[in-house]
Amino acid sequence: DSVSLLTDEQARARAAQIDATAFAEYERAVAAGAGSAAAVRAYSKVAGEHILVALAACKRSSDSSAAEGPGVKVLDISAGSREFLTEERAKELFAPLEQGKDSTWRIKLGNKSFGLEAASLGASVLAAAKQRIVEADLSDIMAGRPEDEALQALTLLTDALEDSPLRLLDLSDNAFGEKGVRACTKLLKSLKTIEELAFQNNGISKEAAQAIAELVAPSKLRRLHFFNNMTGDAGAEHLAKVVKNAPLMEDFKLSSTRVFEEGCARIASALGSTTSLRSLDLSDNSMGPEVGAHTLAQTLSKQSKLDTLVLHDCALEDQGVELIALALRRGTPALRVLDLASNEVTSDGAEHIAALVEKLPALETLIVSENDIGNEGVKTIARSLVACKKLKRLEMNFVEATASAALFVAGVVKALPNFTLLQINGNAISERGVESLGQLLPDEKLGSLSDNDDEADDENDGAGDEADELAAIMQKMNV
């Protein structure tokens with residue numbers, strides 16, 4: 001189980017951090033004049049993204065553990081509550097690494113705050129064992145320390161790992177900016193075998209991005225993640241240099257980094273240096289419908305192995321979605337997950353999504369929430385789902401749908417053999433429509449409708465107009 005690596009206490013501590021970050025976004029939205037519903041959605045979006053990051057970290061640890069053979073051990077000192085480590089406590093926590101001299105190690109030091117004495121003790125142990133350490137998770141090890149002390153402690157710990165045969169390095173959740181990147185200079189310059197690298201929630205500015213580009217040799221990189229940073233277009237230009245020199249890249253994430261059209265175009269162009277992409281997440285960046293989308297489309301047309309594409313909140317509009325959809329139709333038959341939420345898509349754009357979906361036989365998850373596609377757009381996409389026998393999840397929250405469209409979608413997905421969940425909250429579905437949805441799909445396959453406007457009038461909704469078409473679809477699907 002991918003979540004079993006977190007104890008209850010760890011999970012509560014991580015949840016508290018996520019809640020604080022998301023609530024700060026809620027308060028910013030309220031201060032900017034957003035309504036309560038919009039502010040709650042802002043909270044949910046940030047919380048959801050951080051939860052996914054936390055779960056992904058657990059999944060990576062679980063996958064890595066399962067893949068390792070005999071003789072590989074894990075030093076994970078992150079269990080329990082957050083601690084400000086003393087030298088004595090650090091000696092106790094690092095003892096297994098001193099004793100396991102015949103083993104290869106994966107280390108995870110998060111949820112502990114290192115002062116100079118604890119860092120010095122830890123560094124001496126790490127230095128002695130560094131040729132046997134293949135993975136180092138150094139996320140969240142600076143919290144609560146004065147900047148000078150935190151940076152010195154970081155330098156001690158990372159210098160100790162210089163020239164180690166690391167395949168994975170995670171420096172996420174350390175608010176260090178350029179100074180923090182420079183503090184890791186010796187380690188970053190020595191990474192000859194690195195395959196996975198993460199800087200998430202680090203305050204990576206353009207200067208920090210430039211430092212990364214100067215220090216990291218990415219020729220063997222397969223996974224590179226940036227999330228919730230302040231990179232901007234100038235920073236993206238520096239990161240594009242890293243990406244361009246990573247021909248083996250399989251998993252790239254640059255989300256919530258304040259990158260606009262020019263920066264997205266540079267990143268997309270750099271990704272053209274690989275044809276190995278399996279997962280790409282550029283969400284919550286203002287890519288726009290023109291240059292950024294056009295450049296990305298050119299790159300996507302070459303990615304025959306692409307499994308997951310996350311482009312929510314990229315300001316693509318109908319024009320950008322058309323470009324992306326055409327590219328995906330040409331070259332990504334293995335795509336399982338497609339997220340195009342919050343892109344200002346109308347019913348016109350829904351037609352391009354539908355034409356794409358028909359060509360994706362492996363599709364399992366489709367997310368088009370928070371777009372103005374309306375009833376016609378909803379039904380257009382629903383018709384295309386007949387070809388998606390493997391579809392498991394469909395999200396159409398806040399798409400201006402009424403009861404007739406919602407019931408039409410539910411009727412189609414009900415007939416899909418592997419379908420597990422329909423999310424269609426935040427729409428104008430009448431009370432009678434909600435009841436009908438509940439009759440059509442079991443509770444476990446129908447998401448919450450708590451934000452739905454159940455006072456909507458469906459007297460002129462045209463629900464009967466679709467009955468014959470839906471029946472024909474069911475007959476075609478042998479249902």
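Just so it is clear, the model here is predicted, and its values are computed rather than measured.

A. Geometry of the packing of helix H11 (residues 291–300) against helix H12 (residues 317–331). Where H11 contacts H12, the two axes come as close as 8 Å, and the packing angle between them is 10°. Taken together, H11 and H12 sit at an angle that is classed as roughly parallel. For the pair formed by H11 and H12, the contact residues are Ala-293, His-294, Leu-296, Ala-297 and Leu-300 on the first element and Gly-320, Leu-323, Ile-324, Ala-327 and Leu-328 on the second. Counted by class, the contact of H11 with H12 contains eight nonpolar, two polar and no charged residues.

B. Fine view of helix H5 (residues 147–160). A rise of 1.5 Å per residue sets the reference length of H5, with its 14 residues, at 20 Å; its end C-alpha atoms lie 20 Å apart and thus fit the reference within 8%. For H5, the set of buried residues is Ala-150, Leu-151, Ala-153, Leu-154, Leu-157, Thr-158 and Ala-160. Of the surrounding elements, those touching the buried residues of H5 are strand E4 (112–114), helix H4 (116–129), helix H6 (177–183) and helix H7 (185–189).

C. Broad picture of the packing of helix H13 (residues 347–357) against helix H14 (residues 374–384). Contact geometry of H13 with H14 gives a least axis separation of 8 Å together with a crossing angle of 5°. Compared by their axis directions, H13 and H14 come out roughly parallel. Side by side, H13 and H14 meet where Ser-347, Ala-350, Glu-351, Ile-353, Ala-354 and Val-357 of the first sit next to Gly-377, Thr-380, Ile-381 and Ser-384 of the second. Class assignment of the residues belonging to the contact of H13 with H14 gives a composition of five nonpolar, four polar and one charged.

D. The pairing of strand E7 (residues 196–200), seen in detail. Here E7 lies mainly inside the structure; four of its five residues are buried. Examined bridge by bridge, strand E6 (residues 168–170) and E7 share three bridges and lie parallel to one another. Looking across to E7, one finds that Leu-169 is bridged to Leu-197. Here E7 pairs with strand E8 (residues 223–227) via five bridges, running parallel. Within E8, the position partnered with Ala-198 by the bridge is His-225.

E. Molecular detail of the side chain of Asn-229. As for its position among the elements, Asn-229 is in the loop between E8 and helix H9 (232–244). Classification of Asn-229 by relative accessible area gives buried; the value is 2%. One polar contact links the side chain of Asn-229 to the main-chain carbonyl oxygen of Phe-199, over a distance of 3.0 Å. A polar contact is formed between the side chain of Asn-229 and the backbone nitrogen of Asn-202, at a distance of 2.9 Å. Excluding anything up to four places from it in sequence, Asn-229 contacts Phe-199, Gln-200, Asn-201, Asn-202, Gly-203, Ile-204, Ser-256, Thr-257 and Arg-258.

F. Here's a closer look at a negative patch on the surface. There is a patch of like negative charges on the surface, built from Glu-290, Glu-317, Glu-344, Asp-372 and Glu-400. Along the chain, Glu-400 falls in the loop between strand E14 (393–395) and helix H15 (403–414).

G. Layout of the pattern of salt bridges. Tallied over the entire structure, the rule returns 21 salt bridges. Residues Glu-178 and Arg-182 are paired through a salt bridge, measuring 3.5 Å at the closest nitrogen-oxygen approach. Of the two residues, Glu-178 and Arg-182 both sit in helix H6, four residues apart, roughly one turn of that helix. Classification of Glu-178 by relative accessible area gives partly exposed; the value is 31%. Judged by relative accessible area, which is 33%, Arg-182 ranks as partly exposed. For Arg-266, the salt bridge goes to Glu-262, with nearest N and O atoms at 3.6 Å. One end of the pair, Arg-266, and the other, Glu-262, are both in helix H10 (residues 261–271), four residues apart, so they sit about a helical turn from each other.

H. Structural view of unusual backbone geometry. One non-glycine residue, Arg-258, lies in the positive phi region at around 60°. If you trace the backbone, Arg-258 turns up in the loop between strand E9 (251–255) and H10. By relative accessible area, Arg-258 is classed as exposed at 56%. Residues other than glycine seldom take positive phi values, yet Asp-284 does so here, at roughly 60°. With respect to the helices and strands, the residue Asp-284 is situated in the loop between strand E10 (279–281) and H11. Its relative accessible area of 24% is what places Asp-284 among the partly exposed residues.

I. View of the packing of aromatic side chains. Considering all chains together, one arrives at two aromatic pairs under this definition. Ring centres 5.9 Å apart and planes at 10° place the aromatic pair Phe-199 and Phe-226 in the stacked group. In this pair, Phe-199 is assigned in strand E7 and Phe-226 in strand E8, connecting sequence segments 27 residues apart. Grouping residues by exposure puts Phe-199 and Phe-226 together as buried. Between the NZ or CZ atom of Lys-253 and the centre of the ring of Phe-227, over which it lies, the distance is 4.9 Å.

J. Highlighting the nonpolar core. Among the nonpolar cores identified, the biggest contains 127 residues, and Phe-114, Leu-169 and Phe-252 are the most heavily contacted of them. Considering each element in turn, this core owes the most residues, eight residues, to H15. Here Leu-169 is in contact with Ala-136, Leu-138, Leu-187, Leu-188, Leu-191, Ile-194, Glu-196, Leu-197 and Ala-198, once residues within four sequence places are set aside.

K. Examining the state of the cysteines more closely. For the structure shown, the criterion picks out zero disulfides. Cys-264 takes part in no disulfide bond, and the closest cysteine sulfur to it belongs to Cys-314, at a distance of 6.3 Å.

L. Representation of the environment of Gln-131 within the structure. Residue position: Gln-131 is located in the loop between H4 and strand E5 (133–137). Considered as a pair, Gln-131 and Leu-161 are 30 residues apart in the sequence and their alpha carbons are 8.4 Å apart. Beyond its immediate sequence surroundings of up to four residues, Gln-131 is in contact with Asp-163, Ser-164 and Pro-165. At 3.2 Å, the side chain of Gln-131 and the backbone oxygen of Asp-163 are in polar contact.

Calculation notes
Residues numbered from 1 in each chain as written. Predicted model: local features only at pLDDT ≥ 70, side-chain atom pairs only at ≥ 80, totals over all residues. Heavy atoms only, no water. Axes fitted to C-alpha atoms, helices over the stretch in contact; angles between N-to-C directions. Helix = DSSP H or I, 4+ residues; strand = E, 2+ residues; numbered from the N terminus. Parallel < 35°, antiparallel > 145°, perpendicular 65-115°, else oblique. Contact = heavy atoms within 4.5 Å. Nonpolar A, V, L, I, M, F, W, Y, C, P; charged D, E, K, R; others polar. Expected span 1.5 Å × (residues − 1). Buried < 20%, exposed > 50% of the residue type's maximum accessible area, 1.4 Å probe, protein only. Pairing = 2+ DSSP bridges. Polar contact = N/O pair within 3.5 Å; in protein donor to acceptor, adjacent residues only side chain to side chain. Patch = residues over 30% accessible without salt bridge, like charges linked within 9 Å, V, L, I, M, F, W, Y side chains within 5 Å. Areas by Shrake-Rupley, 256 points an atom, 1.4 Å probe, with all protein chains shown as cover. Salt bridge = Lys/Arg side-chain N within 4 Å of Asp/Glu carboxyl O. Lys, Arg positive; Asp, Glu negative; His and termini not counted. Charge placed at Lys NZ, Arg CZ, Asp CG, Glu CD. Phe/Tyr/Trp six-rings, centres within 6.5 Å; stacked < 30°, edge-to-face > 60°. Lys NZ or Arg CZ within 6 Å of the ring centre and 35° of its normal. Core = buried A, V, L, I, M, F, W, Y, C linked by side-chain atoms within 4.5 Å. Disulfide = S-S within 2.5 Å.

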